[in-house]
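Observations on the model geometry
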Amino acid sequence: MAIFLLRRIGVMLLTAIALTFIVFVLTNLQPNLEKVAKFQGNVRMTDEEVTSWLGKNGYDRSMVARYGEWLGVVPGWTYTDDAGKVTGRCIDDDNADQAQTRCGVLQGEWGHSIVFKEDVRDIVFKRLGLTAKLMFWVMILMVPMALVLGVLAGMREGTRLDRSLSTISIATTATPEYVSGVILIAVFASSAVGLKWFKGTATSAMDDITFANFTLPVVTIALYGMGYIARMTRASMTEVMTTQYIRTARLKGVSFTNIVLKHALRNALIAPFTVIMLQIPWLLNGVVIVETLFNYKGFGWTLVQAAGNNDVELLLGCSVVAVIVVLVTQLISDVGYVFLNPRIRIS
Amino acid sequence: MTKWDYDGPILEIDKLSISFFTRLREIPAVMDFSVTVRPGEAMGLVGESGCGKSTVALGIMQDLGVNGRVVGGSIKFKGRDLSEMSPEELRDIRGSEIAMIYQEPMASLNPAMKIGQQLMEVPMIHEGISKSEAWKRALEVVTDVRLPDPKRMLNSYPHQLSGGQQQRIVIAMALMSKPSLLILDEPTTALDVTVEAAVVDLVKDLGKKYGTSMLFISHNLGLVLETCDRLCVMYSGEAVERGSIQDIFDEMQHPYTQALFRSIPLPTADKNSRPLVAIPGNFPLPHERPHGCNFGPRCDYFEAGRCDSGEIAMHPVAGNERHSTRCLKFHEIDWQAPLAKAIQVESGEIGRPILEIKDLKKYYEVSANALFGGSQKVVKANETISFTAHEGETLAIVGESGCGKSTFAKVLMGLETATEGSIRLDGQSIEQLPIEQRDTALVSSVQMVFQNPFDTLNPSMTVGRQIVRALEIFRIGNSEAERRARMLELLDLVKLPRAFADRMPRQLSGGQKQRVGIARAFAGGARIVVADEPVSALDVSVQAAVTDLLMEIQREEKTTLLFISHDLSIVRYLSDRVMVMYLGHVVELGSTDQVFSPPYHPYTEALLSAVPIADTSVQKKHIVLEGDIPSAMNPPPGCPFQTRCNWKSEVAGGLCEREVPPIRDFGDGHQVKCHLREDQLNTMDPVITFAAE
């Protein structure tokens, strides 16, 4: 088991490096850098000025070298101008002598956000924490509901119960969040219907989560994700219910309830488990719409801001986090899969 | 609980009809089926696949699914009509009064539940006993089914057990609440011959010990002869003949029963003394059954205007109240008439040696963990195989699963390369040539017929196109028209109508598909054809036809046929020489007569004794091998067979455990790999003898 984990983590690191490199290349393409130069310097810079600005700020070297610097395995760039003043990646103000030679993600230097005027690392972790809260409640609501729905629909295929539950799950998944969110706000938070049970904005939930201010965003995401997992669970459940060992159980005289709970459930959960774990990274990026709609300033909202304002360092920071979250959840899902399914237990 | 006393028959099925309902039509699966099982009696139900025998079993269990319904007749269990019971009453009976054993043990055990839990569940539901008591009972029953280390068994998951052990667990599960009726649905089809013999032995003993009545469903007449008291033969949804084993085996009164017996090979006879007679035609589909007698169109005694005029009822056979047949003409047919003498076929000339194999070894290195390596282990799939195959010869390779016969085929085909040793085809070494590096001539001269015709044809290509494709690969014919002409010739060769060229594989029956497979193998004028269990997936009545076809083509083309099989009956029938393999070793090699008569290798002896023979006049020596075949990953030291050998005690000084025996030659190419002295081997009696002669 330990070797299995070590190997998996090794593969994960390789994947992380490959993925971040791709994101680095895409965000550091030449036209993008020109935009950064004009944003930082002067909108009306000439082409020559842009080139010299890029040179002064360490953007004129090869992509691989810059990626190495960003990662922190290659010494940061320095630039000595005509006046003899040294600037560089790792040099903050004037203390060029004390600065480290390397400063990248590995050293904990994630760069500086040009939009928020803060350290990228601080922004990312603060926003991630807010989104984690949202995700936690979504999971708490979505997973049990989806499993119950899927199992109930799948245990007797083709019955009226199956068809109505399947319709519900298809309908919720087919409704995009920006539609269901608006409907929910209109029904439960506005004076249009008059049921003013909840608040239409979740801004206050960033400090203090209450039933009133957090229900609508959570329900909006949960509804959308639920149908998908429920459909997977149903498919898996119907398949299990037709297997021979379920027939064995039935002909042993096991009651229907016990067949579902003791014999079918565990086998039926193996397939949806992977899907549920895949939902975590999906939630992380998929919350963009809901966070914007309910003005909840979490990770997704930050991502939108960073992309909209060409904030390269912040975008990179966000993508690192996203990559790590995806890989870690996949590791957890593989380990959990082994746990659920004794056939592939590692000896 | 719900066990009640009743003096009459355990099971009475009276004029039962079961139909499945689809959107299109009603499909009758079982029609007018009657059978009675008395206490302690074992009833056999025999028929080909699709004849409705499993439907009867599920009908008794009242588990026909959403589409199935009993449309007529009654099923009475101990005097009570099962179809009138409420779901609760049925649940009480299932598992406690009627238990079932299934065809595929792996699929019928819950993969995510420990064996112990699955066993304990039965008495806990039906008798309401406590967990600890159930555990004790489970331990007892698992010991009864002769499984080693019962405690460890109960704590294992199904996938950790071998196929034979899983089937014993399924049997144990059925016996947990001491049922009155046990339904066995092809319980040994998925198992090896020696394992099958042990399981059948066990079922018989347990039936006696617990006094259970049995309904034994099988397509294997030999097995039924060994296990049952009475027998019911089914054809296309109807019972065609019913009676005691002796009645049916020795005094059959229905043409189908007779045809069935004539189409199965026996290990006591070869192709010249008792040629197989294939049943002409195909099994009718349920909605295409003929009017009148269902067997009519395939029957030798068919009389137009009489056999197809209306429903035929069961007629009792005079002088024997419990023997009846569904034939109008059974009085008129001379059942003792000898078989019309089939054309005596001379075995093809055996020519010069073509294939020479010397000390061939194939080792695999496998990691303990499939995904990420770990410690390396060596699987010795083939150990020093040496033999020569001649032109026009049929060499059978016999052995149970895991003996390395398929690995050998792969090495020969070039799908794997040999670790050591040599394979010479016409003097040319090919053991290190993978299939990609073989030239067209070589590829087309070494071809294969596969076991499962259902998976080896591309489902989205017409039959003709697939054969033409093979011809293209073998670079035969200069134009599309030429290849098409050759393809039609090939269809003639395998006796398929030329119109089949434009059909899709799904429109063909299993036997027809296998014919296409054979046509494809012989497309490039193959010199050597490896037939890997070519008929084992087919129904009994078409096996004979496909076997005969294969031999006929072989005779004409002078092909060397390497016939891989686990079925000794068919091996005896068609092969010139036999090679017996066990755990990668060739343990015996010789002509068919040499191998089938003493002196035997101890494994050959056990293998022969394990084959069920559908002939009441045959007496067999009863040899049951204990345990399973050891894993090739972890073979025993010394002789590979020493863990199960009954003769081991005869060899002094534990030689069997230390050294691999040398190959001993008994003259005429008969080789045996055993430590037994020659005089000891000569004391062996023949396994199969005729009682009457």
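Residues numbered from 1 in each chain as written. Chains lettered and ligands numbered in written order. Predicted model: local features only at pLDDT ≥ 70, side-chain atom pairs only at ≥ 80, totals over all residues. Heavy atoms only, no water.

1. Considering the overall build of chain B
Here is the rule we go by: Labels follow the DSSP assignment, with helices taken as runs of H or I lasting at least four residues and strands as runs of E lasting at least two, numbered in each case from the N terminus. We call a residue buried when its accessible area falls under 20% of the maximum for its residue type, exposed when it is over 50%, and partly exposed in between, using a 1.4 Å probe and counting protein chains only. Residues count as neighbours in contact if any of their non-hydrogen atoms are within 4.5 Å of one another. All accessible areas in this document rest on Shrake-Rupley with a 1.4 Å probe, and a residue is counted as covered only by the protein chains that are shown. Charged residues are defined here as Lys and Arg on the positive side and Asp and Glu on the negative side; His and the ends of the chain fall outside this count. By convention, charge coordinates are those of NZ in Lys, CZ in Arg, CG in Asp, or CD in Glu.
Scanning chain B for helices and strands turns up 22 helices and 26 strands. Over its C-alpha atoms, taken along the principal directions, chain B stretches across nearly 75 × 65 × 55 Å. Every one of the 693 residues in chain B was classed for burial, and the buried ones make up 56%. Sequence separation of 24 or more characterises 67% of the internal contacts of chain B that already satisfy a separation of 6 or more. When the accessible surface of chain B is totalled, it reaches about 28,500 Å², and 49% of it is carbon and sulfur. One way to put it: in chain B the 72 positive side-chain charges average out to a point 4 Å from where the 90 negative ones average out.

2. Re the interface of chain B and chain A
When the parts come together, some accessible area is lost, and that loss is often what is quoted as the size of the interface. So the rule is basically this: Two parts placed together each lose some accessible area under a 1.4 Å probe, and adding up what both lose gives the buried area. Salt bridge, as used here, is a side-chain nitrogen of Lys or Arg placed within 4 Å of a carboxyl oxygen of Asp or Glu. Two N or O atoms count as a polar contact when they lie within 3.5 Å, although within protein this holds only if one can serve as hydrogen donor and the other as acceptor, and sequence-adjacent residues are included solely when both atoms are side-chain atoms. Side-chain classes are defined by residue name, with Ala, Val, Leu, Ile, Met, Phe, Trp, Tyr, Cys and Pro counting as nonpolar, Asp, Glu, Lys and Arg as charged, and the others, Gly among them, as polar.
Contacts between chain B and chain A engage 27 residues on the former and 21 residues on the latter. Summing both partners gives a buried area of about 2,400 Å² for chain B against chain A, and 57% of it is carried by carbon and sulfur. Between Glu121 of chain B and Lys252 of chain A there is a salt bridge, and its shortest N-O distance comes to 2.9 Å. Run the count over chain B and chain A and you get 11 residue pairs in polar contact (both at pLDDT 80 or more). Those elements that place two or more of their residues in the side of chain B that touches chain A are strand S6 (98-101), helix H3 (105-108) and helix H4 (115-126) of chain B. For the side of chain B that touches chain A, the leading source of residues is H4 of chain B, giving five residues. When grouped by side-chain class, the residues that make up the side of chain B that touches chain A number 15 nonpolar, seven polar and five charged.

3. Overview of the packing of aromatic side chains
Aromatic ring pairs are reported here in terms of the distance separating the ring centres and the angle at which the planes meet. Put simply, the rule reads: A pair of aromatic rings is counted whenever rings of Phe, Tyr or Trp (Trp by its six-membered ring) have centres within 6.5 Å, and the orientation is called stacked for planes under 30 degrees apart, edge-to-face for over 60 and tilted otherwise.
Per the stated rule, a full pass over the model turns up 20 aromatic pairs over all chains. Arranged with centres 5.3 Å apart and planes meeting at 80°, the rings of Phe136 of chain A and Trp137 of chain A form a pair that is edge-to-face. We classify Phe136 of chain A as partly exposed; its relative accessible area is 47%. Ring plane angle 55° and centroid distance 4.5 Å describe the contact between Tyr582 of chain B and Tyr603 of chain B, whose orientation is recorded as tilted.

4. Things to note about the pairing of strand S1 (residues 11-21) of chain B
Residue and element names in this part refer to chain B. We count it as follows: When DSSP finds two or more bridges between a pair of strands, those strands are recorded as paired.
Where S1 lies against strand S4 (residues 68-77), eight bridges are found, and the strand directions are antiparallel. Paired with Glu12 across the two strands is Lys76, which belongs to S4. Note: S1 against strand S2 (residues 26-37), eight bridges, orientation antiparallel. Within the sheet, the bridge partner assigned to Phe20 lies in S2 and is Ile27. A loop of four residues connects S1 with S2, the two strands running antiparallel in sequence.

5. Focus: the confidence of the model for chain B
Residue and element names in this part refer to chain B. In plain terms, the rule: As a per-residue measure, pLDDT reflects the predictor's confidence and takes values from 0 up to 100.
Overall, the prediction assigns chain B a mean pLDDT of 82, with 95% of residues at 70 or greater. The low-confidence segment residues 369-373, where pLDDT is below 50, has six contacts with residues more than four positions distant or belonging to other chains. Both scores are available for the predicted complex, with the pTM at 0.76 and the ipTM at 0.74.

6. So, helix H6 (residues 160-174) of chain A
Each turn of an α-helix holds 3.6 residues, which means side chains three or four residues apart point in the same direction. Residue and element names in this part refer to chain A. Here is the rule: Helix span, expected: 1.5 Å multiplied by one less than the number of residues in the helix. This arc describes the spread of directions from the helix axis toward the C-beta atoms.
Helix length check: H6 (15 residues) gives 21 Å between terminal C-alpha atoms against 21 Å at 1.5 Å per residue, within 8%. Within the sequence span of H6, burial applies to Asp162, Leu165, Ser166, Ser169 and Thr172. For H6, the angular spread of the buried residues around the axis is 130°, confining them to a single face. The outward face of H6, more than 90 degrees from its buried face, is lined by the exposed residues Arg160, Arg163, Thr167 and Ala174.

7. Points about a nonpolar patch on the surface
All names here are of chain A. Here is the rule: Here the term patch refers to residues with relative accessible area over 30% and no salt bridge, with like charges joined within 9 Å and nonpolar side chains (Val, Leu, Ile, Met, Phe, Trp, Tyr) within 5 Å.
On the surface, Leu19, Ile22, Leu26 and Leu29 cluster together to form a nonpolar patch covering roughly 350 Å² of accessible area. Along the chain, Leu29 turns up in the loop between helix H1 (2-27) and helix H2 (30-40). For Leu29, a relative accessible area of 39% gives the class partly exposed.

8. Side note on the side chain of Thr238 of chain A
Inspection of the secondary structure assignment puts Thr238 of chain A in helix H8 (residues 211-241). Apart from the residues within four sequence positions on either side, Thr238 of chain A is in contact with Gly154 and Glu157 of chain A.

9. Here we look at the nonpolar core
Residues and elements named next belong to chain B. Put simply, the rule reads: Side-chain atoms within 4.5 Å are what join buried Ala, Val, Leu, Ile, Met, Phe, Trp, Tyr and Cys residues into a set we call a nonpolar core.
Judged by nonpolar contacts, the single largest core of 105 residues is most densely connected at Phe33, Ile60 and Ile183. Counting residues per element, this core draws most heavily on helix H7 (residues 163-175), which supplies seven residues. Discounting residues that sit within four places of it in the chain, Phe33 has contacts with Ile13, Asp14, Lys15, Leu16, Leu45, Val56, Cys232, Met234 and Ala239. By size, the runner-up hydrophobic cluster in this structure holds 80 residues, among which are Tyr600, Leu608, Ala610 and Leu676.

10. Some words on unusual backbone geometry
Residue and element names in this part refer to chain B. Positive phi, close to 35°, is recorded for Thr384, a residue that is not glycine. One can find Thr384 in strand S14 (residues 373-390). The exposure class of Thr384 is partly exposed, given its relative accessible area of 26%. Despite not being glycine, Asp426 has its phi angle at roughly 50°, a positive value. With respect to the element layout, Asp426 can be found in the loop between strand S16 (420-425) and strand S17 (428-429).

11. Details of the pairing of strand S19 (residues 528-532) of chain B
Residues and elements named next belong to chain B. The condition is simple: Here is how to tell: hold the view so the strands point away, follow the path from the first strand over the helix to the second, and if it runs clockwise the crossover is right-handed.
In terms of residue burial, S19 counts as a mostly covered element, since five of its five residues are buried. Because side chains alternate across S19, one face comprises the buried residues Ile528, Val530 and Asp532, and the other comprises Val529 and Ala531, equally buried. As paired elements, strand S18 (residues 446-449) and S19 share four bridges and run parallel to each other. Considered in S19, the bridge of Met448 is made with Val530. Of the strand pairs in this sheet, S19 and strand S20 (residues 560-565) are connected by five bridges, and their pairing is parallel. Bridge pairing in S20 places Asp532 opposite Ile564. One crossover worth recording links S19 to the parallel S20 by way of helix H17 (residues 540-557), and it is right-handed.

12. Remarks on the pattern of salt bridges
Residue and element names in this part refer to chain B. One pass over the full model with this rule turns up 28 salt bridges over all chains. Between Glu472 and Arg469 there is a salt bridge whose closest N-O contact spans 2.8 Å. Highlighted residues: Glu472 and Arg469, both in helix H14 (residues 463-473), separated by three residues, approximately one helical turn. For Arg469, a relative accessible area of 36% corresponds to the partly exposed category. Between Asp593 and Arg572 there is a salt bridge, with the nearest N and O atoms lying 3.8 Å from each other. Taken together, the positions of Asp593 in helix H19 (residues 592-596) and Arg572 in helix H18 (residues 568-574) put the pair 21 residues apart, joining distant regions of the chain.

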